[in-house]
Amino acid sequence: MYNAKAFSAASATSPLAFTKIARRDPTENDVQIEILFCGICHSDLHQVHNEWSGVMPTAYPCVPGHEIVGRVTTTGSAVTKFKAGDLAAVGCMVDSDGTCSECQAGLEQFCPNMTLTYNFPDKHTGGVTYGGYSDSIVVDQRFVLKVPANLDLAGAAPLLCAGITTYSPMHHWGVTKGKKVGVVGLGGLGHMGVKFAHALGAHTVLFTTSPNKAEDALRLGADEVVLSRNANEMARQAGSFDFILDAVSADHDINALLGLLRRDGNLCLVGAPEKPFPVSSFNLILGRRSLSGSPIGGIAETQEMLDFCGRHSLTADVEVIPIQQVNEAYERLLKAEVKYRFSIDMASLKSA
């Protein structure tokens with residue numbers, strides 16, 4: 001074991017603060033990574049404040065962070081995919097059983113024995129996993145990803161969660177040239193949804209309640225912007241969409257969105273509102289429409305997403321901050337005062 005610098009929360013009401021954590025020494029299959037940037041995901045905030053206690057209670061101290069980009073420093077004797085000096089990334093998972101049907105299908109995100117990057121039982125140490133708000137991490141090579149050299153690393157970090165969360169359902173549901181795609185909400189997830197839909201060649205429409213987001217949406221790749229509170233604008237879009245990605249986590253009218261789908265169209269949820277949606281069965285029956293949800297992707301699909309981003313020079317729009325401003329960033333995240341993700345420059349941890 002060795003000591004690593006990190007920022008952690010000591011309780012649900014404690015601010016994140018400097019600490020030292022124990023990391024395992026690399027085993028023969030491990031890659032040790034110096035973390036250069038780590039994105040801030042809204043789930044970090046939920047976990048730190050123990051807001052998912054009914055499903056995933058937080059173990060303290062909690063070191064968040066699952067949008068990790070860095071440089072390989074050490075590799076185990078059996079590692080073949082990486083060498084010291086390589087750019088590397090780690091997302092929301094650091095292990096799975098590798099034997100179940102989901103793993104065999106390359107869908108590790110559905111493995112019943114998956115290990116999340118932080119706040120999850122660590123089978124190596126017997127404690128819990130610690131995330132990317134740290135100067136280094138040790139991960140099995142199967143869960144380490146290659147980062148295209150042309151990508152800005154600060155902007156690449158959120159691709160490991162926000163990127164794959166929006167790319168995966170578009171990939172699964174066949175978004176491509178000639179399709180009409182809607183993206184609901186222009187936040188951390190939604191802005192990546194617009195970028196991916198545009199890069200995949202689809203006619204891309206952003207739905208928003210905020211008129212002041214129209215200019216940004218067009219800059220990011222939207223072909224049209226629809227104010228979802230404007231009944232006339234919504235009516236003009238009725239029955240015309242092949243696919244809609246819903247990235248809103250607040251309560252909103254799901255039936256109005258279902259009515260925008262054409263026959264066999266799909267509305268996919270990646271946002272997670274607190275309250276269940278009231279869904280009219282007729283909005284599904286009339287048109288053979290479907291309502292679905294999607295988490296992150298598997299490791300192979302995440303690598304595919306990163307490679308796609310490399311070919312299209314796609315990264316998240318980020319505001320880079322030092323680790324010492326992380327608590328302020330959490331407060332701003334609650335108020336949606338960021339365009340569109342925070343990325344922590346982990347070099348700042350050296351002076352902590």
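Provided above is the structure to which this section pertains.
Residues numbered from 1 in each chain as written. Predicted model: local features only at pLDDT ≥ 70, side-chain atom pairs only at ≥ 80, totals over all residues. Heavy atoms only, no water.

1. Thoughts on the overall build of the protein chain
In step 1: Broken down by element type, the protein chain carries 11 helices and 17 strands.
In step 2: In terms of overall size, the protein chain behaves like a compact globule, its C-alpha atoms giving a radius of gyration of 20 Å where 352 residues would be expected to give roughly 20 Å.
In step 3: Once the C-alpha set of the protein chain is aligned to its principal axes, its extents read approximately 60 × 40 × 40 Å.
In step 4: Residues counted as buried form 54% of the 352 residues belonging to the protein chain. (Helix = DSSP H or I, 4+ residues; strand = E, 2+ residues; numbered from the N terminus. Rg over C-alpha atoms; globule rule 2.2 N^0.38 Å. Buried < 20%, exposed > 50% of the residue type's maximum accessible area, 1.4 Å probe, protein only.)

2. Here's the deal with the sheet that holds strand β12 (residues 224–227)
In step 1: Overall, parallel pairing links the 6 strands, which are arranged β12-β11-β10-β13-β14-β15 in an open sheet. Lying at the two open borders of the sheet, with one neighbouring strand each, are β12 and β15 (290–293). Mean inter-strand twist for the sheet, computed between neighbouring axes without regard to direction, equals 20 degrees.
In step 2: Bridge count between strand β10 (residues 180–184) and strand β11 (residues 203–208): 5 bridges; the pairing is parallel. When the sheet's bridge partners are listed, Val181 is paired in β11 with Thr204.
In step 3: Along the sheet, helix α4 (residues 162–172) contacts β10, β13 (241–246) and β14 (261–269); its crossing angle with β13, the most-contacted strand, is approximately 160 degrees. (Pairing = 2+ DSSP bridges. Axes fitted to C-alpha atoms, helices over the stretch in contact; angles between N-to-C directions. Contact = heavy atoms within 4.5 Å.)

3. Focus on the side chain of Thr129
In step 1: Counting through the fold element by element, Thr129 comes out in the loop between β7 (115–116) and β8 (136–140).
In step 2: A polar atom in the side chain of Thr129 sits 3.0 Å from the backbone oxygen of Leu116.
In step 3: What Thr129 contacts, discounting residues up to four positions off in sequence, is Val94, Thr115, Leu116, Thr117, Tyr118, Asn119, Phe120, Pro121 and Asp122. (Polar contact = N/O pair within 3.5 Å; in protein donor to acceptor, adjacent residues only side chain to side chain.)

4. Considerations on the packing of α4 against helix α10 (residues 299–312)
In step 1: At their nearest, the axes of α4 and α10 sit 10 Å apart, and the two run at 100 degrees to each other. In terms of their interaxial angle, α4 and α10 are classed as roughly perpendicular. Listed contacts from α10 to Gly163, Ile164, Tyr167, Ser168 and His171 of α4 are Glu301, Thr302, Glu304, Met305 and Phe308.
In step 2: Split into classes, the residues belonging to the contact of α4 with α10 amount to 4 nonpolar, 4 polar and 2 charged. (Parallel < 35°, antiparallel > 145°, perpendicular 65-115°, else oblique. Nonpolar A, V, L, I, M, F, W, Y, C, P; charged D, E, K, R; others polar.)

5. A word on the nonpolar core
In step 1: Core analysis: the largest hydrophobic core is formed by 95 residues, its most contacted members being Ile40, Tyr133, Met170 and Phe196.
In step 2: Ranked by residues supplied to this core, first place goes to strand β3 (residues 30–40) with 6 residues.
In step 3: Core analysis: the next-biggest nonpolar cluster, separate from the first, contains 16 residues, Phe207, Val248, Leu260 and Leu269 among them. (Core = buried A, V, L, I, M, F, W, Y, C linked by side-chain atoms within 4.5 Å.)

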